[in-house]
Amino acid sequence: PFMVCYNTPMTPEIACYLAGLLDGEGYFSFFKRDKPTRGYHYIRYEAAVTLVMTTRTFMEEIAQLVPYGGGTVGRNARTLQGRALPAWRLKWSSNAAVLLCRDIVPYLRLKRQHAELIIALADLKQSAQSERIGQGRRFPQHVVDFQDAMALEFRKLNHRGQPRP
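Residues numbered from 1 in each chain as written. Predicted model: local features only at pLDDT ≥ 70, side-chain atom pairs only at ≥ 80, totals over all residues. Heavy atoms only, no water.

**Student:** I'm lost on the overall build of the protein in this one. Help?
**Tutor:** Of regular secondary structure, the protein possesses five helices and four strands. In the protein, the succession of helices and strands from N to C terminus is α-β-β-α-β-β-α-α-α. Put simply, the protein has 165 residues, and 38% of those count as buried. Relative to all contacts within the protein whose residues are 6 or more apart in sequence, the contacts with residues 24 or more apart total 62%. Here the protein displays about 10,300 Å² of accessible surface, and carbon together with sulfur accounts for 54% of that area. (Helix = DSSP H or I, 4+ residues; strand = E, 2+ residues; numbered from the N terminus. Buried < 20%, exposed > 50% of the residue type's maximum accessible area, 1.4 Å probe, protein only. Contact = heavy atoms within 4.5 Å. Areas by Shrake-Rupley, 256 points an atom, 1.4 Å probe, with all protein chains shown as cover.)

As structure tokens, this is what we get:
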């Protein structure tokens, strides 16, 4: 099945509610994907915003609050077998994650920097579309360098315990 993401903004009340949920229980990530295509490997980066909770119906209701869709609800792979309640994961990735970040960034407190990085990369990629070159229309080196730096910054932001140097 394919998914369509609309650029319909959400109401400020819903954006504020989702920002609070994601600030407390959410996880913003940015990771590298190796995508094999016709004999060569194309490295691409993907942003994701994830929320994990134990009530599936609640997660499905949250997914319905986002007007442009894109959120998928599934079992959380990291559920501790026999030691915790089953958990459900709601995940927005790629374009849906960017649209969600644009709507909730004014209301985020703890994870604002995460959302701002996702938005900055999306803006840079959009501005560099005309500069894509070569087989697979790769992004220019300055975009690739920014993505690599952003991946390191996300690792620092998401690190638990003492801050990394």
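Additional details are given in the paragraphs that follow.
**Student:** So what exactly am I meant to see when it comes to the pattern of salt bridges here?
**Tutor:** Close approach of charged atoms allows side chains with opposite charge to pair. On inspection of all chains with the given rule, the structure shows two salt bridges. Here Arg56 makes a salt bridge to Glu60, at a shortest N to O gap of 2.7 Å. A residue pair is termed a helical-turn pair when its members lie 3 or 4 positions apart in one helix, as Arg56 and Glu60 do in helix 2 (residues 56–65) at four residues. A relative accessible area of 34% means that Glu60 is categorised as partly exposed. For the salt bridge of Asp123 with Arg102, the shortest nitrogen-to-oxygen distance reads 2.6 Å. (Salt bridge = Lys/Arg side-chain N within 4 Å of Asp/Glu carboxyl O.)

**Student:** Any chance you could explain helix 1 (residues 12–25) here in plain terms?
**Tutor:** Every α-helical turn comprises 3.6 residues, leaving residues that sit three or four positions apart pointing alike. Compared with the 20 Å implied by 1.5 Å per residue over 14 residues, the 20 Å span of helix 1 between its first and last C-alpha is a close match. Where helix 1 is concerned, the buried positions are Ala15, Leu18, Ala19, Leu21, Leu22 and Asp23. (Expected span 1.5 Å × (residues − 1).)

**Student:** Even after reading the chapter, I still don't get the nonpolar core, so can you show me in this structure?
**Tutor:** One recurring pattern in soluble globular proteins: nonpolar side chains tend to sit buried together. If you look at the biggest cluster of nonpolar residues, it comprises 39 residues, and the most contacted ones within it are Phe28, Trp92, Leu100 and Ile104. Contributing elements (two or more residues each) for this core: helix 1, strand 1 (26–37), strand 2 (40–53), helix 2, strand 4 (88–93), helix 3 (95–104), helix 4 (112–127) and helix 5 (141–158). If you tally residues by element for this core, the top one is helix 3, at seven residues. (Core = buried A, V, L, I, M, F, W, Y, C linked by side-chain atoms within 4.5 Å.)

**Student:** Got a minute to help me understand the side chain of Gln147 in this structure?
**Tutor:** With respect to the helices and strands, the residue Gln147 is situated in helix 5. Under the relative-accessibility criterion, Gln147 is labelled buried at 5%.

**Student:** Looking at this structure, how should I read the packing of helix 4 against helix 5?
**Tutor:** When two helices pack together, their arrangement is given by the angle between their axes and by how far apart the axes lie. For the pair helix 4 and helix 5, interaxial distance at closest approach is 11 Å and the crossing angle is 170°. Comparing the axis directions of helix 4 and helix 5 gives the class roughly antiparallel. Together, Gln113, His114, Leu117, Ile118, Ala120, Leu121, Leu124 and Lys125 of helix 4 and His142, Val143, Phe146, Gln147, Met150, Glu153, Phe154, Leu157 and Asn158 of helix 5 make up the contact between the two elements. Partitioning the contact of helix 4 with helix 5 into residue classes produces 10 nonpolar, five polar and two charged. (Axes fitted to C-alpha atoms, helices over the stretch in contact; angles between N-to-C directions. Parallel < 35°, antiparallel > 145°, perpendicular 65-115°, else oblique. Nonpolar A, V, L, I, M, F, W, Y, C, P; charged D, E, K, R; others polar.)

**Student:** In this structure, what is going on with the environment of Arg56? I would like to understand it.
**Tutor:** By relative accessible area, Arg56 is classed as partly exposed at 36%. Along the chain, Arg56 and Pro86 lie 30 residues apart, while their C-alpha atoms are 9.4 Å from each other. For Arg56, the residues in contact, after removing those within four places along its chain, are Val73 and Trp88. A distance of 2.7 Å separates polar atoms of two side chains, one belonging to Arg56 and the other to Glu60. (Polar contact = N/O pair within 3.5 Å; in protein donor to acceptor, adjacent residues only side chain to side chain.)

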